[in-house]
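Close look at the chain arrangement
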Amino acid sequence: MLRDLIKWALPVLLLSACGKELSVDSTDPGYSGNGGGGSTNGGLLTKVVAASSIDTSTTEYTYDVNKRLIKETYLSTSGSLGGMQASYEFRIYRNSAGLITKYTYITSELAGSGLDSLVYEARYNSATSRYTAIVSYAYETGFDPEVYDSTALTYNTAGKLIKANGYVNAFGTYELYSAYDYTYDASGNLGSSTQSVETGSGVAPLMKLGFTYDGKKASITLPYQDAVALNNMQYANSQNVLKTNITVYSSGAPQSFEVASTYKYNSNNQPSSANLVSQNGIQTATYFYK
């Protein structure tokens, strides 16, 4: 639930407040900006350094010997923005077959709330070769882990994730609190992502993100089921986001924003640098590979 809040609330805060990067995860190259270009050999993304007029951030990626992502860390010089945490460590655990079994999410904001970490367990069905659910636990020193929330996953006939319903543990009873609906473009990239929330009288849309792409090789692409297990379908994109259309729903008329990106590419046809332009300014980024 905390990652949901960060993933969806930050885009609105950042776009409306100061034009900083769109997502705290910083894994989507369409959310990055311009720069001088990183190392190009190998094609495996290791770092993104982004800068705006108010902040510099670094996202680093660590892989195992089989080039599978096992850790992502994000550090912002501002530390936080709009009261939301802007630095974290995201660590992925795999079994001997390379399947994701769990991942942990650690920030100083959790420590301030008395928690050590949030741990997510990915439930895999070997008969269908798909992840079917994600269960999260809150860990607090001196106490047994407590189930925090659970996400049920639904696929279409082509094997694409189309819905992720989140249920929060409310004193032993699981209640629906959010729903994510996904669509895809003709190339298999994420076309749109819509979050709805429980309002007390039913589930209503909160925010919709729509994406268009550049047709070039993405800075980072994970196997599709890895992206499902990590609850971040941007990881599965094969191309880079050129434009993000954001619609925020409220009691009044929906509010719309647009974020556009331009890229320079390295010899592997992946981004070496980019500009992100929103209504509040420009952010730049440089990509590093090995």
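Residues numbered from 1 in each chain as written. Predicted model: local features only at pLDDT ≥ 70, side-chain atom pairs only at ≥ 80, totals over all residues. Heavy atoms only, no water.

Thoughts on the overall build of the chain
Looking only at helices and strands, one finds three helices and 18 strands in the chain. The buried share of the chain, reckoned over its 290 residues, is 50%. Summing over all exposed atoms, the chain offers an accessible surface of approximately 12,500 Å²; the carbon and sulfur share of this is 52%. (Helix = DSSP H or I, 4+ residues; strand = E, 2+ residues; numbered from the N terminus. Buried < 20%, exposed > 50% of the residue type's maximum accessible area, 1.4 Å probe, protein only. Areas by Shrake-Rupley, 256 points an atom, 1.4 Å probe, with all protein chains shown as cover.)

Focus: the side chain of Thr151
Among the secondary structure elements, Thr151 is positioned in strand 10 (residues 146-155). By relative accessible area, Thr151 is classed as buried at 11%. Setting aside anything within four residues of it in sequence, one finds Thr151 in contact with Thr132, Ala133, Ile134, Ala164, Asn165 and Gly166. (Contact = heavy atoms within 4.5 Å.)

So, the packing of aromatic side chains
Tallied over the full model, the rule gives seven aromatic pairs. Ring geometry for Phe90 versus Tyr103: centroids 5.3 Å apart, planes at 75°, classification edge-to-face. Linking Phe90 in strand 6 (residues 88-94) with Tyr103 in strand 7 (residues 100-106), this pair joins segments that are 13 residues apart in sequence. Here Phe90 matches Tyr103 in class, with each residue buried. Residues Tyr103 and Tyr120 carry aromatic rings whose centres are separated by 5.0 Å and whose planes lie at 10° to one another, so their mutual orientation is stacked. (Phe/Tyr/Trp six-rings, centres within 6.5 Å; stacked < 30°, edge-to-face > 60°.)

Quick look at the side chain of Asp55
For Asp55, the location among the structural elements is in the loop between strand 1 (45-51) and strand 2 (56-63). Only 2.9 Å separates the side chain of Asp55 from the side chain of Ser76, close enough to count as a polar contact. (Polar contact = N/O pair within 3.5 Å; in protein donor to acceptor, adjacent residues only side chain to side chain.)

Some thoughts on the environment of Leu206
Along the chain, the position of Leu206 falls in strand 14 (residues 203-213). Classification of Leu206 as partly exposed rests on a relative accessible area of 30%. When the C-alpha positions of Leu206 and Tyr249 are compared, they lie 5.1 Å apart, and in sequence the two are 43 residues distant.

With respect to the pairing of strand 17 (residues 271-278)
A large share of strand 17 lies buried, amounting to seven of its eight residues. In this structure, strand 16 (residues 255-265) lies alongside strand 17, joined through six bridges in antiparallel fashion. Residue pairing across strands places Lys264 opposite Ser273, the latter belonging to strand 17. Between strand 16 and strand 17, which follow one another and run antiparallel, lie five residues, and Asn269 among them has a positive phi close to 65°. By the bridge criterion, six bridges tie strand 17 to strand 18 (residues 281-289) in an arrangement that is antiparallel. Residue Asn275 lies in a different strand from strand 18, and its bridge partner there is Thr284. (Pairing = 2+ DSSP bridges.)

Just geometry here; none of it tells us what the structure is for.
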